Amino acid sequence: MTATASRPGTGTRTPLPLDVEAIRADFPILTRTVRDGKRLVYLDSGATSQKPRSVLDRERWFYEHVNAAPHRGAHQLAEEATAAYEQARAALARFIGAAADEVVFTRNTTEAINLVAYALSNAATAKEEQFRRYAVGQGDEIVVTEMEHHANLVPWQQLCERTGATLRWLGLTDDGRLDLADLDTVVTERTKLVALTQQSNILGTINPVREIADRAHAVGALVLVDGAQSVPHQPVDVADLGADLLTFSGHKMLGPTGIGVLWGRYEVLDALPPFLTGGSMIEVVRMEGSTFMPPPQRFEAGVPMAAQAVGLGAAVEYLEALGMGRVEEHEQALTAYALEQLAEVPGVTVIGPPDTVARGGAVSFTVDRVHPHDVGQVLDDLGIAVRVGHHCAWPVVRRYGVPATTRATFYVHTGYDDVDALVEGVRAAQRFFGVTPEGTA
Amino acid sequence: MQLESMYQEIILDHYRNPHGRGLREPFEAEVHHVNPTCGDEVTLRVHLDGETIADVSYEGMGCSISQASVSAMYDLVVGKTVPQALETGEHFVTLMQAKGDPSVAEKLEDELEDAVAFAGVSKYPARIKCALMSWMALKDASARALSVTHPATPDGGNR
């Protein structure tokens, strides 16, 4: 009955730019099995990525050979640990086309955004004139979008509550894009900062950062870009981006957990007061008060996550060797194939742009009459790891009138076989819950 | 497939044909509980006759486990006193902590009736909260209902 063209495995498979088999061999975890011997089909890189051996080896090397607290002490290990930590900073800077002193290591994207949000409210009460430049207060406005991850929404809501500023946002169109029709009325002379994601973690949408940044800069506002889902998956050069501040997480880009980055134009970072204070961020401390180091040290209080930073340095080397342009093309091909294959399954609706134009590899969908948790459970039983729920972007699922979605995300080790497993798994979920539309069983 | 151990036929039946669904009057307390990790929601009302639960009515959205759980709970608790219902709830929590141990389910079969079918859920830590959401809502709502109907003597007094 069923046309063979609608079966997985027979769609449009453009040759993949990356050698999936060779790459898989670099990831130890991909050799394990799950749920009674099934091959692990890992389609949850958007939540956290798996780690290649080179990253794990580099972290182990740090602990086995040079472990010490960077920027403290004058012994040989301290020198070598400091050098390794600063080399990692240089590697991250090179990766995004920045200067090393514009790269601040944070715990993750969430902490990086909170750092900026707290710096903006601390600015209002800073005793130093140089730190008051970007102070936010009553009458000021912060602009976000309706597609933000909670990490790029809740800190701004909180900033507004602390300062009396007003939160405004750009809405979404039905096909999963930012509605820019009222850009000029939302972003105005009252706007102090525009915070937006470069790539939606749930819709996959890639936003026109430059266009929005141009408007923001025209009215004198800062632009913060959440790059948690873009920096791991596409070439990002801060010279072209149009942002003043960029945040991303190491663990989503083959690096360790517990390490992330805040990049800022030096002039902007230099005008921000500290968020966390304490050791190694100070210039002079007296009982009566203290002065602070210039960026990036001003924002790195306490002994830093040195081994994790060094591991992240290895991750960007791994990505550079693959080529970020090829990583992007690889995911584009997989996304096109997944969208095509899922469209063939009756009852499946993709939430987000229906094609690969300005779209990354986060594919969210609903299955008629099967809750995403139940879809995820059937997929899990087949060894397929996806994310289910609201993906920390509750306003987005609310906007599209669904309680939750199932989300597959792709990365460098993903192949067409993984997408086939996903699509076949969705059909299995429909069969299991007895909702297989007629004629497609 | 291990799926059948979680999705017992009884669970799927409750999911497809939920018992007692819909919000009804009268009621002494209404609560709204959400599962913040996945967005599942339930609105639940309790109507007491003295200390006895005369009705539990609810609306909710969520996965098959959360929806079947509230339906099975409705069957178990209507007609019981609040303390009896809460004791049944404790048994259900015990079942959810059993990590799939069949001996726990066997011991609780009489107390939990259909709800013993949720034993398989206890093997999946991520889904336990789905099964427990409605029981947490019931605990909350019945405490509030008692405080309305028995304001000075929450243990029931001497009526």
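Residues numbered from 1 in each chain as written. Chains lettered and ligands numbered in written order. Predicted model: local features only at pLDDT ≥ 70, side-chain atom pairs only at ≥ 80, totals over all residues.

Bringing the overall build of chain A into the picture now. A tally of regular secondary structure across chain A gives 14 helices and 17 strands. Against the 2.2 N^0.38 benchmark of 22 Å for 441 residues, chain A shows a C-alpha radius of gyration of 23 Å, consistent with a compact globule. Once the C-alpha set of chain A is aligned to its principal axes, its extents read approximately 80 × 55 × 30 Å. Buried positions account for 53% of the 441 residues belonging to chain A. Contacts in chain A between residues far apart in sequence, at least 24 positions, make up 71% of those at least 6 positions apart. (Helix = DSSP H or I, 4+ residues; strand = E, 2+ residues; numbered from the N terminus. Rg over C-alpha atoms; globule rule 2.2 N^0.38 Å. Buried ≥ 20, exposed ≤ 12 C-beta atoms within 10 Å, placed from the backbone. Contact = placed C-beta atoms within 7 Å.)

Take the nonpolar core next. The biggest cluster of nonpolar side chains holds 130 residues, and the ones touching the most others in it are Leu92(A), Ile96(A), Val194(A), Ala243(A) and Ala429(A). Here this core gets ten residues from one element, more than from any other, and that element is helix H10 (residues 306–322) of chain A. Per-domain counts for this core show at least three residues from each of domain 1 (4–51 + 323–432) and domain 2 (55–320) of chain A. Discounting chain neighbours no more than four positions away, the residues touching Ile96(A) are Val231(A), Val236(A), Asp237(A), Val238(A), Leu246(A) and Trp263(A). Among the nonpolar cores identified, the runner-up in size contains 43 residues, and Met6(B), Ala115(B), Ala131(B) and Leu138(B) belong to it. (Core = buried A, V, L, I, M, F, W, Y, C linked by C-beta atoms within 7 Å. Domains from an automatic or database assignment.)

Listed by partner, the interface residues are eleven residues for chain B and 16 residues for chain A. Its residues placed into classes, the side of chain B that touches chain A shows six nonpolar, five polar and no charged. (Nonpolar A, V, L, I, M, F, W, Y, C, P; charged D, E, K, R; others polar.)

Moving on, we come to the sheet that holds strand E14 (residues 362–367) of chain A. Residues and elements named next belong to chain A. The sheet built from four strands is open, its strands ordered E13-E14-E17-E16 with antiparallel pairing. Each end of this open sheet is capped by a strand with a single partner; those strands are strand E13 (348–351) and strand E16 (387–389). Between one strand axis and the next, the sheet turns by 30 degrees as a mean value, whatever way the strands run. Sheet analysis places E14 next to strand E17 (residues 405–409), joined by four bridges and oriented antiparallel. If you follow Ser364 over to E17, its bridge partner there is Arg407. With respect to the sheet, helix H11 (residues 324–343) is in contact with E13, E14 and E17, its orientation differing from that of E14 by roughly 10 degrees. (Pairing = 2+ DSSP bridges. Axes fitted to C-alpha atoms, helices over the stretch in contact; angles between N-to-C directions.)

In this structure, the amide linkage connecting Pro295(A) to the following residue, Pro296(A), adopts the cis form with an omega of 0 degrees. Summarising the element assignment, Pro296(A) is placed in the loop between strand E12 (289–292) and H10. That bond from Glu25(B) to Pro26(B) is cis: its omega, -5 degrees, falls within 30 degrees of zero. Within the secondary structure, Pro26(B) sits in the loop between helix H2 (9–16) and strand E1 (29–35). Positive phi is not limited to glycine here, since His71(A) has a value of about 60 degrees. You can see His71(A) is positioned in the loop between helix H2 (53–66) and helix H3 (76–95). Not every positive phi belongs to a glycine, and Cys392(A) is a case in point at roughly 55 degrees. On the secondary structure map, Cys392(A) appears in the loop between E16 and helix H13 (394–399).

On to the sheet that holds strand E7 (residues 191–197) of chain A. Residues and elements named next belong to chain A. Here we have seven strands laid out as an open sheet, ordered E4-E10-E9-E8-E7-E5-E6, and mixed in their pairing. Here the strands that pair on one side only, and so sit at the sheet edges, are strand E4 (103–106) and strand E6 (166–170). With strand direction ignored, the average angle separating the axes of adjacent strands in the sheet is 20 degrees. Two strands pair when backbone bridges link them, and strand E5 (residues 141–145) and E7 are joined in this way by three bridges, in the parallel orientation. Paired with Glu141 across the two strands is Thr191, which belongs to E7.

Okay, helix H4 (residues 82–96) of chain B next. All names here are of chain B. With 15 residues, H4 should cover 21 Å at 1.5 Å per step; its first-to-last C-alpha distance of 21 Å lies within 8% of that length. Where H4 is concerned, the buried positions are Val82, Ala85, Thr88, Gly89, Phe92, Leu95 and Met96. Viewed end-on, H4 has its buried residues packed into an arc of 125 degrees, placing them on one side of the element. Elements in contact with the buried residues of H4: strand E3 (52–61), helix H3 (64–77), helix H5 (102–112) and helix H6 (125–149). (Expected span 1.5 Å × (residues − 1). Arc of directions from axis to C-beta.)

The next thing to look at is the domain arrangement of chain A. Residue and element names in this part refer to chain A. Considered domain by domain, chain A is made up of domain 1 (4–51 + 323–432) and domain 2 (55–320). Distance from the C-alpha centre of domain 1 to the C-alpha centre of domain 2: 29 Å. Listed per partner, the contact involves 28 residues of domain 1 and 30 residues of domain 2. Secondary structure elements with two or more residues in the side of domain 1 that touches domain 2: H11, E14, H13 and E17. Split by residue class, the side of domain 1 that touches domain 2 holds twelve nonpolar, ten polar and six charged.

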